[in-house]
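A closer look at the structure
Here is what each chain is made of, one letter per residue.
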Amino acid sequence: MAERMLKFTTVARRTPEKRAAEERNGDFHEIYADFIDAKATEQASRCSQCGVPYCQTHCPLHNNIPDWLRMTAEGRLEEAYALSQATNSMPEVCGRICPQDRLCEGNCVIEQSGHGTVTIGSVERYLTDKAWEMGWVKPLVAAADRGQSVGIVGAGPAGLAAAEKLREQGYAVTVYDRHDRAGGLLIYGIPGFKLEKDVVERRTQRLADGGVEFKLGFEVGKDATLEDLRARHDAVLIAVGVYAARDLAVPGGGDKGVVPALDYLIASNKKTLGDDVPAYDSGELNAEGKDVVVVGGGDTAMDCVRTAIRQGATSVTCLYRRDKANMPGSLREVANAEEEGVTFEWLAAPRALSGDADAVTGVKAIRMRLGAPDASGRRSPEEIPGGDFDRPAQLVVKALGFEPENLPQAWSAPDLKTTRWGTVKADVRNQMTNLDGVFAAGDIVRGASLVVWAIKDGRDAADAMHRYLKAKAGAPALIAAE
């Protein structure tokens, strides 16, 4: 029987059951259970079906959230899944790792009225997991062969989203990636307690089964230049993300025991995937038995502190120079970290590292306060005189954000134009770079951002490349409803 909507006044917000901290701290499995069918339909029925769906407008993909919530409440689950995946290449991934508290759920109308937002992300995850279970996720079927090929550099969310759409449109698609598995940061940068790897692997396997060719362990600049790929394909998409770590500019920042966040997370993820990781086994990238300090306040910092807890760290401290309200990471992830035993030092910043070239032993930090707003409007942190304090640390993780690598130099492509920040310049209308037939999408264009934005950029780039390739082949340059 169909559920009546607008039940937010009588049905309380409920999220899926979460494993207790003492249980989940011992493994890397996801911490949330699945919704049961009845609970998913009940929670979806809380949607107010408002005339102006702010949840949809604040979703980068503009997913048709109110309609698939209504279908879920009515028990029309296959239709709900079909609608949710029509605008999203990886709804089960977004349902797990999107910061819904800052996007769709954070702008839910009933949240503003004090009734608690609809659990949009949990319902989205439920729908797609149900679709895989029931066989509603159809194989990727390519249209008639167009006789044109596309090369995509980067097997992360932007590259995978573009590969799916372009293959569906009949192009031969080859995805190149330096790692030995497809998925990019979905595999190597995000811990399993947020996104278990089989969730990503079934997506990449679907692409491979549909004819997308993956060339893994392939590094542009070493195994081929950008010009080589341009000669090999009719169009090329650069979707490599941003991997270069921002440095910790304090005395002692180069000491042994001070590691970039991504190196630390990749080692942990490889280990949980069963790989041989010498740097982990030696203790260099392993928190077991150590006092750990993570510097930074974004989602990557939260991934690092929660990973350290699971590796058996003696203590885990997060230093962030602003207060909790100004933290860029998801407050949900902060809450999870606090439950798991992480200590947060708000309004605190490192001044120096103790130790020597052989080992770090601690962090010398200082208390901060928020002063006048900076150029972005955020209040600038400033030191409090006499606010020095120390924290023991045998492992310090730099989670200060990411910068693009120098692609023109690394790829022997001096003509490829970049911005003053090092990101690749791409036309905002068609995502093409200054090189004919070379497009760019995702973090390498917009800077370090969210997975959902990378998916949107990849899908938009695929549409732009489709127009370009049709024009190149002499066909009308309009996208047909294919």
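Predicted model, so just to flag it, every value in this text is computed and none were measured.

So, on to the overall build of the protein. Broken down by element type, the protein carries 19 helices and 15 strands. The globule rule puts the C-alpha radius of gyration for 482 residues at 23 Å, and the 23 Å found for the protein is close to it. The buried share of the protein, taken over its 482 residues, is 55%. Considering only contacts within the protein whose residues lie at least 6 apart along the sequence, 69% involve residues at least 24 apart. Only carbon and sulfur atoms are counted for the fraction: they give 50% of the accessible area of the protein, which is about 20,300 Å².

Once that is clear, we can look at the domain arrangement of the protein. Structurally, the protein comprises domain 1 (7-134), domain 2 (149-242 + 404-481) and domain 3 (268-401). In this structure, domain 1 and domain 3 have C-alpha centres spaced 31 Å apart. Our count for the contact surface shared by domain 1 and domain 3 stands at 3 salt bridges. Between domain 1 and domain 3 we count 13 residue pairs in polar contact (both at pLDDT 80 or more) in total. Of the residues belonging to the side of domain 1 that touches domain 3, the class tally is 6 nonpolar, 2 polar and 6 charged.

Burial within strand β7 (residues 291-295) is extensive, with 5 of its 5 residues counted as buried. The alternating pattern of β7 places Asp291, Val293 and Val295 on one face and Val292 and Val294 on the opposite face, and all of these are buried.

Another point: the sheet that holds strand β6 (residues 258-260). What the 5 strands build is an open sheet, ordered β6-β13-β7-β8-β9; its pairing is parallel. The sheet is open, and its two edges are formed by β6 and β9 (343-345), each paired on a single side. The average angle at which neighbouring strand axes cross in this sheet is 25°, direction not considered. The pairing of β7 with strand β8 (residues 315-319) spans 5 bridges and is classified as parallel. Residue pairing in the sheet places Val294 in a bridge with Cys318 of β8. Together, β6 and β13 (395-398) form the strand contacts of helix α13 (residues 261-272), whose direction differs from that of β6 by roughly 80°.

This part covers helix α2 (residues 37-44). Along an α-helix, a turn takes 3.6 residues, which lines up residues three or four apart on a common side. Every buried residue of α2 is accounted for by Ala40, Thr41, Gln43 and Ala44. The arc that holds the buried residues of α2, viewed along the axis, is 165°, so those residues lie on one side. In the core, the buried residues of α2 are packed alongside α4 (65-73) and α8 (120-134).

What follows deals with α13. The end-to-end C-alpha distance of α13, which contains 12 residues, comes to 17 Å, matching closely the 16 Å that a straight helix rising 1.5 Å per residue would cover. Among all positions of α13, only Ala261, Leu262, Tyr264, Leu265, Ile266, Ala267, Ser268, Asn269 and Lys270 are buried. Following α13 by one or two positions, Gly274 adopts a phi angle in the positive range, close to 95°.

Within this numbering scheme, the UniProt entry marks residues 25-135 as carrying the feature "domain: Dihydroprymidine dehydrogenase" (unreviewed entry). Helix and strand shares over residues 25-135 are 50% and 0% respectively, and the end C-alpha atoms of the span are 33 Å apart.

Think of two packed helices as two axes; the pair is described by the angle between the axes and how far apart they sit. Across the interface, helix α9 (residues 157-168) lies against helix α11 (residues 197-209) with an axial gap of 10 Å and an inter-helix angle of 30°. Taken as axis vectors, α9 and α11 run roughly parallel relative to one another. Of the two possible hands of crossing, α9 and α11 adopt the one that is left-handed. The residues of α11 that touch α9, namely those facing Leu160, Glu164 and Glu168, are Arg203, Thr204, Arg206 and Leu207. Along the lines of polarity and charge, the residues of the contact of α9 with α11 split into 2 nonpolar, 1 polar and 4 charged.

Procedures and definitions
- Residues numbered from 1 in each chain as written.
- Predicted model: local features only at pLDDT ≥ 70, side-chain atom pairs only at ≥ 80, totals over all residues.
- Heavy atoms only, no water.
- Helix = DSSP H or I, 4+ residues; strand = E, 2+ residues; numbered from the N terminus.
- Rg over C-alpha atoms; globule rule 2.2 N^0.38 Å.
- Buried < 20%, exposed > 50% of the residue type's maximum accessible area, 1.4 Å probe, protein only.
- Contact = heavy atoms within 4.5 Å.
- Areas by Shrake-Rupley, 256 points an atom, 1.4 Å probe, with all protein chains shown as cover.
- Domains from an automatic or database assignment.
- Salt bridge = Lys/Arg side-chain N within 4 Å of Asp/Glu carboxyl O.
- Polar contact = N/O pair within 3.5 Å; in protein donor to acceptor, adjacent residues only side chain to side chain.
- Nonpolar A, V, L, I, M, F, W, Y, C, P; charged D, E, K, R; others polar.
- Pairing = 2+ DSSP bridges.
- Axes fitted to C-alpha atoms, helices over the stretch in contact; angles between N-to-C directions.
- Arc of directions from axis to C-beta.
- Expected span 1.5 Å × (residues − 1).
- UniProt positions renumbered as here; feature names shortened; annotations may be inferred.
- Parallel < 35°, antiparallel > 145°, perpendicular 65-115°, else oblique.
- Left-handed = near helix turned anticlockwise from the far one by under 90°.

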